[in-house]
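Residue strings, one per chain:
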Amino acid sequence: MEFTAKQMMAVALARQVEDGKAYIVGTGLPLVGATLAKNTHAPNAHLIFETALFEGNPQEVPTSVSDLRINYQASVLWPQYRYFGFQAIYAQRGLIACGFLGGAQIDPYGNLNSTSIGDYFHPQTRFTGSGGANGISTYCDTIIIMKHEKRRFIDKVDYVTSAGWVDGPGGRARIGLDPEKGPRAVVTELGIMRFGEDKRMYLAEYFPGVTVEEVLENTGFRMDVSRAVESRPPEADVLDTLINKVDPLRIMI
């Protein structure tokens, strides 16, 4: 079956979701991937949204975390301050599998910048900032969604909004963060990157139709590709669910 890069990316994100585990989900492709997982292999996954809605069971993709479609079969709708307390307590107890994050820049250790490009006090571009991203990266494992471009995958981010593995083994512990938590994967339109024992990003999978050379050409730092394999394409039933049930109006894919 034919599929687009965005559809492959959504399927790859869904594959990161395990049944019965809890995930903090934000707007965009994470919503697509989480909704697809709920409608396929992970019906008992627990989705948590920063709008303080817990365990929504959307039947088609919401346009944002404020979209009322995420309310379907939800167990709790709290004031937002309750969400922040819940996130901190449950994440510290290891009860949240991971949170989905994105950013404008990423470095080899998974540190993210969603604050500014250039000097912080005189930036070329100012973004919206952390929101809840820093809290998620502090207490949870993370799955990162990025557009794969050399200007985004750089040796050193201009500002660390959300800490990854900092500067390698022991980096998180040195700045007072949980050394066992950190980035689990980076999913782009080209493939999936993971982190080795040295806590440095490496290419784990490249998507069908993509070459290893294409990944390297769009990465602004040295990346190990020796372990890379081609991702399996979307299963026919999963792709059908994605296209005809999860996002039938092609809002996001």
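Residues numbered from 1 in each chain as written. Predicted model: local features only at pLDDT ≥ 70, side-chain atom pairs only at ≥ 80, totals over all residues. Heavy atoms only, no water.

Chemist: Would you explain the overall build of the chain in this entry?
Modeler: Scanning the chain for helices and strands turns up seven helices and 14 strands. Counting all 253 residues of the chain, 53% fall into the buried class. Put simply, 63% of the contacts in the chain that link residues at least 6 apart link residues at least 24 apart. Accessible surface for the chain amounts to roughly 11600 Å². Of this, 51% is attributable to carbon and sulfur atoms. (Helix = DSSP H or I, 4+ residues; strand = E, 2+ residues; numbered from the N terminus. Buried < 20%, exposed > 50% of the residue type's maximum accessible area, 1.4 Å probe, protein only. Contact = heavy atoms within 4.5 Å. Areas by Shrake-Rupley, 256 points an atom, 1.4 Å probe, with all protein chains shown as cover.)

Chemist: For this particular structure, what's the right way to read the pairing of strand β10 (residues 142–145)?
Modeler: One face of the sheet, then the other: side chains in a regular strand alternate in exactly this way. Burial along β10 is two-sided: T142 and I144 facing one way and I143 and I145 facing the other are all buried. In terms of strand pairing, strand β5 (residues 98–102) meets β10 through four bridges, oriented parallel. Opposite G102, over in β10, you have I145 as the bridge partner. Note: β10 against strand β11 (residues 183–187), four bridges, orientation parallel. (Pairing = 2+ DSSP bridges.)

Chemist: Would you mind going over helix α1 (residues 5–15) with me for this structure?
Modeler: It helps to recall that an α-helix has 3.6 residues per turn; residues three or four apart then point in one direction. Of all the eleven residues making up α1, eight are buried; the element is thus mostly covered by neighbouring parts of the structure. For α1, the elements touching its buried residues are α2 (29–38), β5, β10, β11, β12 (191–195) and α7 (236–246).

Chemist: Is there a simple way to think about a nonpolar patch on the surface in this case?
Modeler: There is a patch of nonpolar side chains on the surface, built from Y120, F121 and Y159 and spanning about 330 Å² of accessible area. Along the chain, F121 falls in the loop between β8 (116–118) and β9 (123–126). (Patch = residues over 30% accessible without salt bridge, like charges linked within 9 Å, V, L, I, M, F, W, Y side chains within 5 Å. Salt bridge = Lys/Arg side-chain N within 4 Å of Asp/Glu carboxyl O.)

Chemist: How do you make sense of unusual backbone geometry when you look at a structure like this?
Modeler: Glycine aside, negative phi is the norm for most residues, and most peptide bonds take the trans geometry. Phi is positive for V166, which is not a glycine, with a value near 65°. Following the sequence through the fold, V166 ends up in the loop between β10 and α5 (171–174). Positive phi is not limited to glycine here, since K199 has a value of about 65°. Position of K199 among the secondary structure elements: in the loop between β12 and β13 (201–206). On the accessibility criterion, K199 (23% relative accessible area) is partly exposed.

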